[in-house]
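Here is what each chain is made of, one letter per residue.
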Amino acid sequence: MRAALVSASLVLVALTACSGDSTTASNSSGGTLVISVGGDPETLLPPLASTTTGQLIGDLIYDRLAEIGDSLDTVGDHGFQPRLAKTWDWSADSLSITFHLDHAAKWHDGKPVRASDVAFTYRLYTDTANASQFAAQLAGIDSVTAPDSASAKVWFHERSPMQFYDAVNTMLIIPEHQLANLSGKDLQSAPAARAPIGSGRFRFRKWNAGQSIELVADTANYRGRASLDRVVIAIAADMNTAITRLAGGEADVLEQIPAASLPQVASDTSLHIILAPSLDYNFMQFNVARPLFADRELRRALTMALDRASIVRNAYDSLADVAIGPTVRAYPTTDALLKQIPFSREAAMRALDSLGWKDTNGDGIRESNGRKLEFRLGVPTVSKARNAMATVIQQQLKQVGANVIIDALDIPRFVEAESTHNFDAVLGGWHVEPSPGGIRQTWGSGGIDGGSNYGSYRNASFDAHVDSALSASTLAGRRDHFTKAYQIINDDAAAVWLAEPKRVMAVHKRIQTVGMRPDAWWANIADWSIPADKRIARDRIATGR
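Residues numbered from 1 in each chain as written. Predicted model: local features only at pLDDT ≥ 70, side-chain atom pairs only at ≥ 80, totals over all residues. Heavy atoms only, no water.

Colleague: It is not clear to me how the sheet that holds strand E6 (residues 141–148) should be interpreted in this structure. Could you clarify?
Modeller: Sheets are built from strands paired through backbone hydrogen bonds, the pairs being either parallel or antiparallel. Strands sit in the order E4-E5-E7-E6 across an open sheet of four strands; the sheet is antiparallel. Sheet topology places strand E4 (85–90) and E6 at the edges, where each strand pairs with a single neighbour. For this sheet the average axis-to-axis angle between neighbouring strands, irrespective of direction, equals 20°. Summarising the sheet, E6 and strand E7 (residues 151–156) pair through five bridges and their orientation is antiparallel. Directly across from Val-144, in E7, lies its bridge partner Val-154. Against the sheet, helix H3 (residues 115–126) engages strand E5 (96–101), E6 and E7, with an angle of about 160° to E6. (Pairing = 2+ DSSP bridges. Helix = DSSP H or I, 4+ residues; strand = E, 2+ residues; numbered from the N terminus. Axes fitted to C-alpha atoms, helices over the stretch in contact; angles between N-to-C directions. Contact = heavy atoms within 4.5 Å.)

Colleague: Explain helix H16 (residues 475–492) to me, please; I cannot follow it from the model alone.
Modeller: Along an α-helix, residues three or four apart share an orientation, since each turn contains 3.6 residues. Over its 18 residues, H16 runs 26 Å from end to end, which matches the ideal 26 Å to within 8%, given 1.5 Å per residue. Where H16 is concerned, the buried positions are Gly-477, Arg-478, Phe-482, Thr-483, Ala-485, Tyr-486, Gln-487, Ile-488, Ile-489, Asn-490 and Asp-492. Here the buried face of H16 lies against helix H9 (296–304), helix H14 (439–443), helix H15 (460–471) and strand E20 (495–501). Once H16 finishes, Ala-493 follows within two positions and takes phi at roughly 55°, a positive value. (Expected span 1.5 Å × (residues − 1). Buried < 20%, exposed > 50% of the residue type's maximum accessible area, 1.4 Å probe, protein only.)

Colleague: Help me understand the environment of Glu-500 in this model?
Modeller: Tracing the sequence through the fold places Glu-500 in strand E20. C-alpha separation for the pair Glu-500 and Tyr-316, spaced 184 residues apart in sequence, amounts to 9.7 Å. Once residues within four sequence positions are removed from consideration, Glu-500 is found in contact with Asp-280, Tyr-281, Ala-320, Asp-321, Ala-323, Thr-327, Val-328, Arg-329 and Ala-330. Looking at Glu-500, its side chain comes within polar contact range of the side chain of Arg-329, at 2.7 Å. (Polar contact = N/O pair within 3.5 Å; in protein donor to acceptor, adjacent residues only side chain to side chain.)

Colleague: What is the right way to look at unusual backbone geometry in this model?
Modeller: For residues other than glycine, phi is negative in most cases, and the peptide bonds are mostly trans. The phi angle at Ser-94 is positive, at roughly 60°, despite the residue not being glycine. Within the element layout of this structure, Ser-94 appears in the loop between E4 and E5. Relative accessible area serves as the criterion here: at 25%, Ser-94 is assigned to the partly exposed category. In this structure, His-421 takes a positive phi of about 60° despite not being glycine. Tracing the backbone through its elements, the reader meets His-421 in the loop between helix H13 (411–419) and strand E19 (425–431).

Colleague: I would appreciate a short explanation of the packing of aromatic side chains in the present structure.
Modeller: Think of a pair of aromatic rings as described by two things: how far the centres are apart, and how the planes are tilted against each other in angle. Counted according to the given criterion, the structure contains 18 aromatic pairs. Ring geometry for Phe-283 against Trp-497: centres 6.2 Å apart, planes inclined by 65°, an arrangement best described as edge-to-face. Here Phe-283 is found in strand E13 (residues 280–286), whereas its partner Trp-497 is found in strand E20, with 214 residues between them in sequence. Residue Phe-283 shares its accessibility class with Trp-497, and that shared class is buried. (Phe/Tyr/Trp six-rings, centres within 6.5 Å; stacked < 30°, edge-to-face > 60°.)

Colleague: What should I look at first to understand the sheet that holds strand E9 (residues 212–217) in this one?
Modeller: Read across the sheet, seven strands follow the order E8-E9-E10-E1-E11-E21-E12 without closing on themselves; strand pairing throughout is mixed. Where the open sheet ends on each side, the last strands, each with one partner, are strand E8 (202–208) and strand E12 (271–276). In terms of strand pairing, E8 meets E9 through six bridges, oriented antiparallel. Each bridged residue has a counterpart across the sheet, and for Trp-207 the counterpart in E9 is Ile-213.

Colleague: Quick question: what am I supposed to make of the packing of H9 against helix H11 (residues 345–354) here?
Modeller: Helix-helix packing is described using two parameters, namely the angle between the two axes and the distance between the axes. Relative to each other, H9 and H11 sit at 155°, their axes nearing to 8 Å. As the angle between them shows, H9 and H11 are arranged roughly antiparallel. The hand of the H9/H11 crossing is left-handed. Contacts from Leu-298, Ala-301 and Met-304 in H9 reach Arg-345, Ala-347, Ala-348, Ala-351 and Leu-352 in H11. Tallied by class, residues from the contact of H9 with H11 come to seven nonpolar, no polar and one charged. (Parallel < 35°, antiparallel > 145°, perpendicular 65-115°, else oblique. Left-handed = near helix turned anticlockwise from the far one by under 90°. Nonpolar A, V, L, I, M, F, W, Y, C, P; charged D, E, K, R; others polar.)

Colleague: Hey, could you run me through the pattern of salt bridges in this one?
Modeller: Close approach of charged atoms lets side chains of opposite charge pair. In total, this model carries 26 salt bridges according to the counting rule given. For Asp-467, the salt bridge goes to Arg-440, with nearest N and O atoms at 3.0 Å. A residue pair is termed long-range when its members are at least 10 positions apart, and Asp-467 in helix H15 and Arg-440 in helix H14 qualify at 27 residues. The class of Asp-467 is partly exposed, set by a relative accessible area of 37%. Here the salt bridges share partners, and the residues they tie into one network are Asp-59, Arg-64, Glu-67, Arg-517 and Asp-519. (Salt bridge = Lys/Arg side-chain N within 4 Å of Asp/Glu carboxyl O.)

Colleague: Could you clarify how one ought to interpret the nonpolar core in this entry?
Modeller: A general trend in soluble globular proteins is that nonpolar side chains are found buried together. Core analysis: the biggest nonpolar cluster contains 80 residues, and Phe-99, Trp-521 and Ile-525 have the highest contact counts within it. In terms of residues, this core owes the most to one element, H3, which gives seven residues. Here Phe-99 is in contact with Leu-65, Ala-85, Thr-87, Trp-88, Ala-150, Ser-151, Ala-152, Val-154, Phe-164, Ala-167 and Val-168, once residues within four sequence places are set aside. Listed in part, the 39 residues of the second largest apolar core include Ala-301, Leu-302, Ala-390 and Leu-397. (Core = buried A, V, L, I, M, F, W, Y, C linked by side-chain atoms within 4.5 Å.)

Colleague: Before we go on, may I ask you to explain the side chain of Thr-51 in this structure?
Modeller: Residue position: Thr-51 is located in the loop between strand E1 (32–37) and helix H2 (52–61). When near neighbours in sequence (up to four residues on either side) are disregarded, Thr-51 contacts Pro-41, Glu-42, Ile-411 and Val-415.

Colleague: Sorry, what's going on with the confidence of the model for the chain here?
Modeller: Low pLDDT means the predicted atomic positions in that stretch should not be read closely. With 94% of its residues at a pLDDT of 70 or more, the chain shows a mean pLDDT of 90. Here residues 1–27 is modelled with pLDDT under 50, and outside its nearest four sequence neighbours on either side it reaches 40 contacts, counting other chains as well. (pLDDT = per-residue confidence, 0-100.)

Colleague: Which parts of the structure should I look at to understand the pairing of E1?
Modeller: Counting buried positions along E1 gives six out of six residues, so the element sits mostly inside the fold. On E1, burial covers both faces: Thr-32, Val-34 and Ser-36 on one face and Leu-33, Ile-35 and Val-37 on the other are all buried. In the sheet, E1 pairs with strand E10 (residues 230–235) via six bridges, with the strands oriented parallel. Bridging across to E10, Val-34 finds its partner in Val-232. In this structure, E1 lies alongside strand E11 (residues 253–254), joined through two bridges in parallel fashion.

Colleague: Sorry, what's going on with the packing of helix H10 (residues 308–316) against helix H12 (residues 384–398) here?
Modeller: Running from N to C, H10 and H12 point in directions that differ by 145°, and their axes come no closer than 8 Å. The interaxial crossing formed by H10 with H12 has right-handed handedness. Between H10, through Ser-310, Ile-311, Asn-314, Ala-315 and Tyr-316, and H12, the contact on the second element is made entirely by Ala-385, Ala-388, Met-389, Val-392, Ile-393 and Gln-396. When its residues are assigned to classes, the contact of H10 with H12 shows eight nonpolar, three polar and no charged.

Structure follows, in structure tokens:
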């Protein structure tokens with residue numbers, strides 16, 4: 001293991017100095033960017049999208065009222081850039097913001113974007129029948145109205161430093177005329193879920209399930225034509241297939257290279273290896289609604305039995321840090337010295353003994369009241385790292401008398417298991433937002449029903465500190481309350497915090513990239529380009545409005 005660690009590190013040292021983002025853009029438009037991903041998105045409707053792939057595509061097809069800048073400054077409005085809203089005004093009491101829409105903004109079918117679309121979008125995200133995982137993030141908004149066709153007014157329950165962020169970041173604006181009067185199952189099965197109409201610089205072209213999703217430049221877009229002609233999201237459920245396609249020139253971007261594959265990919269002189277900032281963390285989440293994991297002390301004992309550092313090294317080599325909680329170190333509100341449940345196999349076994357879990361029949365598995373200490377662990381097949389971690393977790397817990405049955409699930413079955421709370425434990429992962437406020441929906445009690453708190457963790461003190469953090473007017477105040485919230489959930493062992501991966505991407509050298517934001521590396525793809533003399537056969541297609 002040590003030899004592998006050294007070799008991977010040397011590869012990065014050799015390449016990162018010469019392979020950062022290129023900022024030189026071609027003056028002419030054209031070319032095709034092919035991004036390799038692990039599986040189909042479950043939907044192309046932003047309120048229902050929970051996978052990173054779904055969010056990537058949504059961000060390219062749709063626009064927000066305003067977009068966060070590369071600084072990721074989420075307090076107030078000065079860090080944001082106009083999108084569908086050209087300007088905005090605050091009310092005298094700061095309890096509403098009026099967004100003035102760009103008159104040139106149109107949907108991809110040619111209809112103008114109206115304020116009624118903004119009000120409709122808010123209703124779509126917050127309709128309980130739709131069970132959007134993002135609804136909890138809009139809890140601070142009272143309503144959205146349309147005083148006239150070009151003005152959308154967002155009303156808030158109370159003043160907060162995060163008001164502007166809450167109003168613009170969560171909602172990608174959806175056309176009312178395409179989805180009016182649809183909700184619940186009707187919304188999920190609507191044609192727009194597979195053939196959306198947006199206002200972004202790329203428009204949807206086609207989706208071949210299990211193969212690819214194709215987007216093309218919206219040539220008459222109000223913000224200007226994208227530099228690329230098209231973007232193809234190529235599905236490669238197997239990492240070896242993804243790497244083979246990359247090496248063969250069938251793909252241009254692979255967003256996360258496993259540590260074990262890095263030397264192979266780095267040896268390809270046609271590729272840049274980019275160590276990009278990331279806002280990702282992964283974890284083993286306990287379903288506390290299941291009787292086994294309702295016991296806080298059992299969760300703590302199992303956490304104590306796991307050597308997280310060795311689990312992370314085995315899966316990521318040197319390309320990830322051990323996670324410290326439901327947060328990432330990149331947030332200025334995160335205390336990197338958060339107290340952890342310490343690893344001690346001996347202490348874990350003593351704790352299990354005291355809880356009445358003992359191996360009475362000598363089969364190596366503990367029992368209590370006739371029940372085995374056994375659970376199923378769901379893992380997405382497309383994640384090589386999480387599968388590697390699952391195997392080590394299984395081995396380590398076996399040493400203390402717990403039997404883990406690994407369920408390898410494809411993306412649709414994994415998402416279904418999470419969203420229906422139908423699991424014992426899962427190896428989950430979050431690509432978090434620029435603001436730590438998203439924790440409300442992922443770990444807060446408000447995210448249990450209709451949100452993405454799939455493990456059903458509930459603690460009123462945790463919720464209260466998160467709320468206080470988000471209403472604090474100073475960075476010190478926010479940091480203090482977030483630290484207390486994180487400590488509560490760490491002590492409760494709602495999950496075993498595993499890895500905070502670094503994003504190691506491969507990008508073909510013919511691609512000229514522009515700024516990769518930590519929260520969304522794809523945010524500026526419309527400004528990426530391919531010089532005319534570097535284009536290949538698949539770059540030459542016709543596009544049009």
